[in-house]
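# Coordinate analysis (summary)
Next come the chains, spelled out residue by residue.
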Amino acid sequence: MTAVVRAERLTKRYGRRTILDGLDFEIERGERVALLGMNGAGKTTLFRCLLGLVGFEGRLTVEGLEAGPGARAVRSRVAYLPQLPPVFDQSLAGFLELFAALRGVSIEAVVERLEQLGVAWAEVSGRPLRALSGGMLQKGYLALALAARAPILVLDEPTASLDPSSRRDLLRHLTEVGRDTTMILASHRLEEIEPLAERILVLADGRIVFDGSLTDLWGVTETERGLWVDVPADEEAAAAAILRSHPAVRNVRVNGRGIGIAVEETAQLDVLFHLRHHAIRVRDFRRLTPSLEDVMGRFADGHKRGPAGA
Amino acid sequence: MNVPVLLRRELRDAVRRYWFLVNASLFAIAGILLMVFGQPDAMLLGARGHARSLAGLMQLAMVFVPLMAIVPSVVAIAGERESGTLDYLLAQPLTRTDVYLGKWAGVCSATALSVLVGFGLVGVAAAARGVPSSPVVALLACTILLAVTFVSIGLWISARTPSRSRATSLGMTVWILLAGLGSLGVMTAFVQWGLPAWLLQAWSILNPVEAYRLAGIVLLDRETTALGPVGAGLLNRAGPGGVIGLSAISLIAWAALALALGLRSFAAADVRGGRVER
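Structure report, in brief. Note that the coordinates shown come from a computational prediction; the quantities given were computed from them, not determined experimentally.

Reading the values: the criteria
- Every chain is numbered on its own, with residues counted from 1 as its sequence reads.
- Here the convention is simple: chains get letters from A, ligands get numbers from 1, in the order in which they are written.
- Totals for whole chains, interfaces and linings use all residues, but because this is a predicted model, local features are given only for residues with pLDDT of at least 70 and pairs of side-chain atoms are given and counted only at 80 or more.
- Once C-beta atoms have been placed from the backbone, residue pairs whose C-beta atoms lie within 7 Å are recorded as contacts.
- Each helix corresponds to a stretch of at least 4 residues labelled H or I by DSSP, and each strand to a stretch of at least 2 residues labelled E; elements are numbered beginning at the N terminus.
- Basically, the charged four are Asp, Glu, Lys and Arg, the nonpolar ten are Ala, Val, Leu, Ile, Met, Phe, Trp, Tyr, Cys and Pro, and anything else, Gly included, counts as polar.
- Should DSSP find at least two bridges between two strands, the strands are regarded as paired.
- Exposed residues have 12 or fewer other C-beta atoms within 10 Å of their own C-beta, buried residues have 20 or more, and residues in between are partly exposed; the C-beta atoms are placed from the backbone.
- By definition, the arc is the one covered by directions from the helix axis to the C-beta atoms.

With that settled, the discussion passes to the interface of chain A and chain B. Every contact between the two is made by 22 residues of chain A and, on the other side, 21 residues of chain B. Residue assignment for the side of chain A that touches chain B shows that the elements contributing at least two residues are α1 (43–51), α2 (72–75) and α3 (92–103) of chain A. Ranked by residues supplied to the side of chain A that touches chain B, first place goes to α3(A) with five residues. A class-by-class count of the residues in the side of chain A that touches chain B yields 14 nonpolar, three polar and five charged.

Glycine aside, a negative phi is what most residues show, and trans is what most peptide bonds show. In this structure, E63(A) is a non-glycine residue whose phi angle is positive, near 50°. Mapped onto the elements, E63(A) comes out in the loop between β4 (57–62) and β5 (65–66).

Turning our attention to the pairing of strand β9 (residues 199–204) of chain A. Residue and element names in this part refer to chain A. Direction of pairing for strand β3 (residues 32–36) relative to β9: parallel, over a ladder of four bridges. By the bridge assignment for β9, V33 is matched with R199. When β9 meets strand β10 (residues 207–212), the two strands line up antiparallel, connected through five bridges. Bridge pairing in β10 links L201 to D211. Counted between consecutive antiparallel strands, the loop separating β9 from β10 contains two residues, among which D205 sits at a positive phi close to 55°.

Attention now goes to helix α4 (residues 107–116) of chain A. Residues and elements named next belong to chain A. All buried positions along α4 are accounted for by V110, V111, R113 and L114. For α4, the angular spread of buried residues about the axis comes to 160°, placing them on one side. Those residues of α4 that are buried lie in contact with α3, α5 (121–124) and α6 (134–147). Remark: G118 follows α4 within two positions and exhibits a positive phi of approximately 90°.

Rendered as structure tokens:
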């Protein structure tokens, strides 16, 4: 494996405020890395350093090239999907033509990507960007990023402004991105990160407080994974008793709208079969993912862990 | 080098927006009105006949061209910074110099085109009245240089300010100081304080609008008395060629200095949404 991104004592200050505080990390080629952190943790600032939008102290290299405001060669290796796609005063066709030209890719390649994302080019090409939905706009930016065939794809909370349907759609497309592309994404949603990233960097107060897999994250933060089960009201008490008797189940909560239980992912299917075995009619169920607040709260409680699991 | 791509974008945007058309039309209409309805025998800025008409056009350009150059240029970067589009533009494989020069060249071209269209129509009207083309062309060249100077100043302001509104306020202040007040207020101050004439002459050359006025008057009619005591003194000291040369140097120096300072500001600034950090 080769490091495509390497940070050494990466520090960014705005006046007296330190946003990134001496970060050290490496990202290997083809890795899927998620940056987790509350607002102001430094995720977007890290991306800004990588893209050369801001200067910084320390070192940050991309494929061996020094990043920074003058590093045009670095930016040619990084494709960027912003959190809130800016709305240029142009039609979709005009916007894509301009940025395709600036990235040195053909407009045909961008249009092909856009159509792969399910956009009917002929119908929308003449529309001004301001008239497009958030999902459509995001797809335009994603098509550009993918057509650029940059070795590194940077996604800054790519689903933040999307409705649930557009969010699912975008995530599906992102899971299809080839392994020749290194993907770095920032997100607030743990459920989104799970299918996209195998490595998590947790940022808090400008420092990396965790570096490892999502499974490791649950372990380190002692965050409980869960299951929500909907059963008929007259079977709720019996179901709760049966669940409490299962060795993998912890913390059963009944609230009248269903039963929430803490149970490891590996045992969740077994728990559902256990209920069925006892003739409980499960009408619906849903996996429960801890929120970012839960995880960050655990780090605030002192479950801190250094880079690379140190 | 992506400057031509960015230049085309700026130019296309300018042509698409209303200000390009409005500027060119207003300039042309006012110029033609001066040509057609002006009194040929009346004297303006010490000139008669065709020189008088062109002097009127020059007076118009002294106020109007700096305004039509500075308004679009002060928002060229600050506006994009405010809307967040600058971040995305700078995240592309471009240098800051590419982006700055692309914008500068684009706004310069659009403004010059406005002047050209306006002057072109006036030129047609002038030719119909038997005005020779050489003074029109010379004045056109000076006017375009004045426009380029104010675009450079406006873009420098834009590179240093975080918002469209603040950039516009600063741009208007600069315009009022250099073009609006002209040399009148300064001359009053000089008289009031009893400052030496050479200082006022230096100020006249250093103020780009005054430099344009001096060059224009000398180009149109060297016998004119419209230069005023300061300009006349300068003409005596440097001669017609000297006045035109010094004026051209002043305008070019303003443009080059503002361009260089703007490039420097833009290259060094952190870009994050609507903020400028240095």
